[in-house]
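Residues per chain are reported as follows:
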Amino acid sequence: MGKCCNAKCGLIASVVVGGILVILGGIINVVYLELYNKILIQESVIAPGTTMYDNWISVATPTYISYYLYNMTNSEEFLARGPYVKPNLVEIGPYVFREYLSKDTVDFLNTSPEQVYYRQKTTIVFQPEMSSGDLSDMVTTVNVIGASMVSIVEYIFEQLGQPVDPNVYKLVNAAYIATSTKLIFTRAVHDILFGFQDNLFDAIKAVVLNRTGVEIQDFGLFSTYNDSRGWFDYQVYTGKG
Ligand SMILES: *[C@@H]1O[C@H](CO)[C@@H](O)[C@H](O)[C@H]1NC(C)=O
Ligand SMILES: *[C@@H]1O[C@H](CO)[C@@H](O)[C@H](O)[C@H]1NC(C)=O
Ligand SMILES: *[C@@H]1O[C@H](CO)[C@@H](O)[C@H](O)[C@H]1NC(C)=O
């Protein structure tokens, strides 16, 4: 008899507890969803103090850039016997840089919905342990300055709508001779990527400035990349208002 009551009580208790749990579960589910959405929306807004803002103003996910260069290993033979000798190129690198992306000149605008103006700032830092080689490695490659200066001078005159003055050609030619510029040169990897002082470049820069008043920008394949504020102005909605 006692045993039977126990079983009965147990059954009733189970049903009651089960019922309470179902109701509680339902309430928690609704409250949780409400809370979750509220926090999600709150934290997704671009405004100081939100989770979104911290990662937006300074991107935490690391990004990397790898540079590879081609090193010419038979430059003397190539320069001496020109078209009869194939250039022998050996790939070197990677030279790896960690990219730090952040927002610069951030300005919250008084619009409705609210908008924010900014520039994307990029800073790169060399990662020796991820790289194969150092930025001081010497690489023999096409002399990008020597190979491109004539075209650059012609382009500047073309932009001004003027024919190139024959005297300018003479001065440019004199600069090539005075600096004994060759088609192939040997420079440090850092120089190739980020620029360096070059006598031919300086001489031609002075000629162009003298004849046109145009100042040629400094040389370097990626000379403007580090600490740059990008090319564009951005204006986006913050999610507020
Ligand atoms: C590039 O090639 C030159 C000539 O063969 C060599 O002396 C130099 O060490 C090479 N540079 C790299 C980074 O391997
Ligand atoms: C880029 O600039 C930062 C600081 O302005 C400097 O620490 C870093 O070495 C620079 N990177 C290169 C590749 O020159
Ligand atoms: C260009 O160079 C010539 C000769 O050196 C000089 O007389 C002239 O003033 C220069 N012109 C400009 C615009 O610098």
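Residues numbered from 1 in each chain as written. Chains lettered and ligands numbered in written order. Predicted model: local features only at pLDDT ≥ 70, side-chain atom pairs only at ≥ 80, totals over all residues. Heavy atoms only, no water.

Its UniProt record gives the protein chain a comment under Subcellular location (unreviewed entry), which states: "Cell membrane". According to its UniProt record, the protein chain has this under Sequence similarities (unreviewed entry): "Belongs to the CD36 family." (UniProt positions renumbered as here; feature names shortened; annotations may be inferred.)

Below, the discussion takes up the overall build of the protein chain. Within the protein chain one finds seven helices and six strands. Listing each helix as α and each strand as β along the protein chain from the N terminus yields α-α-β-α-β-β-β-α-α-β-α-α-β. Over its C-alpha trace the protein chain gives a radius of gyration of 33 Å, far above what one expects of a compact globule, namely 18 Å for 241 residues. Projected onto its principal axes, the C-alpha coordinates of the protein chain cover approximately 120 × 50 × 25 Å. For the protein chain, buried positions account for 31% of its 241 residues. Pairs at least 24 apart in sequence give 71% of the contacts found in the protein chain among residues at least 6 apart. (Helix = DSSP H or I, 4+ residues; strand = E, 2+ residues; numbered from the N terminus. Rg over C-alpha atoms; globule rule 2.2 N^0.38 Å. Buried < 20%, exposed > 50% of the residue type's maximum accessible area, 1.4 Å probe, protein only. Contact = heavy atoms within 4.5 Å.)

Right, let's talk about a nonpolar patch on the surface for a bit. Together, Val17, Leu21, Leu24, Ile28, Tyr32, Leu33, Tyr36 and Leu40 make up an exposed nonpolar region whose accessible area comes to about 810 Å². Relative to the helices and strands, tyrosine 32 is located in helix α1 (residues 2–44). (Patch = residues over 30% accessible without salt bridge, like charges linked within 9 Å, V, L, I, M, F, W, Y side chains within 5 Å. Areas by Shrake-Rupley, 256 points an atom, 1.4 Å probe, with all protein chains shown as cover. Salt bridge = Lys/Arg side-chain N within 4 Å of Asp/Glu carboxyl O.)

Below, the discussion takes up the pairing of strand β3 (residues 115–126). Note that strand β2 (residues 89–109) and β3 share eleven bridges and pair antiparallel. When the sheet's bridge partners are listed, arginine 98 is paired in β3 with valine 125. Count of turn residues in the β2/β3 antiparallel hairpin: five residues. Summarising the sheet, β3 and strand β6 (residues 234–237) pair through four bridges and their orientation is antiparallel. Paired with tyrosine 117 across the bridge in β6 is glutamine 235. (Pairing = 2+ DSSP bridges.)

Okay, the pattern of salt bridges next. Summed over the entire model, instances satisfying the criterion amount to six salt bridges. Notably, a salt bridge pairs aspartate 233 with arginine 119, separated by 2.9 Å at the nearest N-O pair. Separated by 114 residues along the polypeptide, aspartate 233 in the loop between α7 (199–212) and β6 and arginine 119 in strand β3 bring together distant segments of the chain. On the accessibility criterion, aspartate 233 (48% relative accessible area) is partly exposed. Among the salt bridges present, the one from aspartate 165 reaches arginine 211, with a minimum N-O distance of 3.2 Å. Of this pair, aspartate 165 sits in the loop between α4 (144–159) and α5 (166–178) while arginine 211 sits in helix α7, and the two are 46 residues apart along the sequence. Given the relative accessible area of 27%, aspartate 165 is considered partly exposed.

This part covers unusual backbone geometry. Looking along the chain, the bond that leaves glycine 93 and enters proline 94 is cis, with omega of 5 degrees. The topology assignment puts proline 94 in strand β2. Its identity is not glycine, yet threonine 105 carries a phi of approximately 45 degrees, on the positive side. Within the secondary structure layout, threonine 105 lies in strand β2.

As recorded in UniProt, the sites labelled "transmembrane region" (unreviewed entry) are residues 12–33. This span, residues 12–33, is 100% helix and 0% strand, and a straight line between its end C-alpha atoms measures 32 Å.

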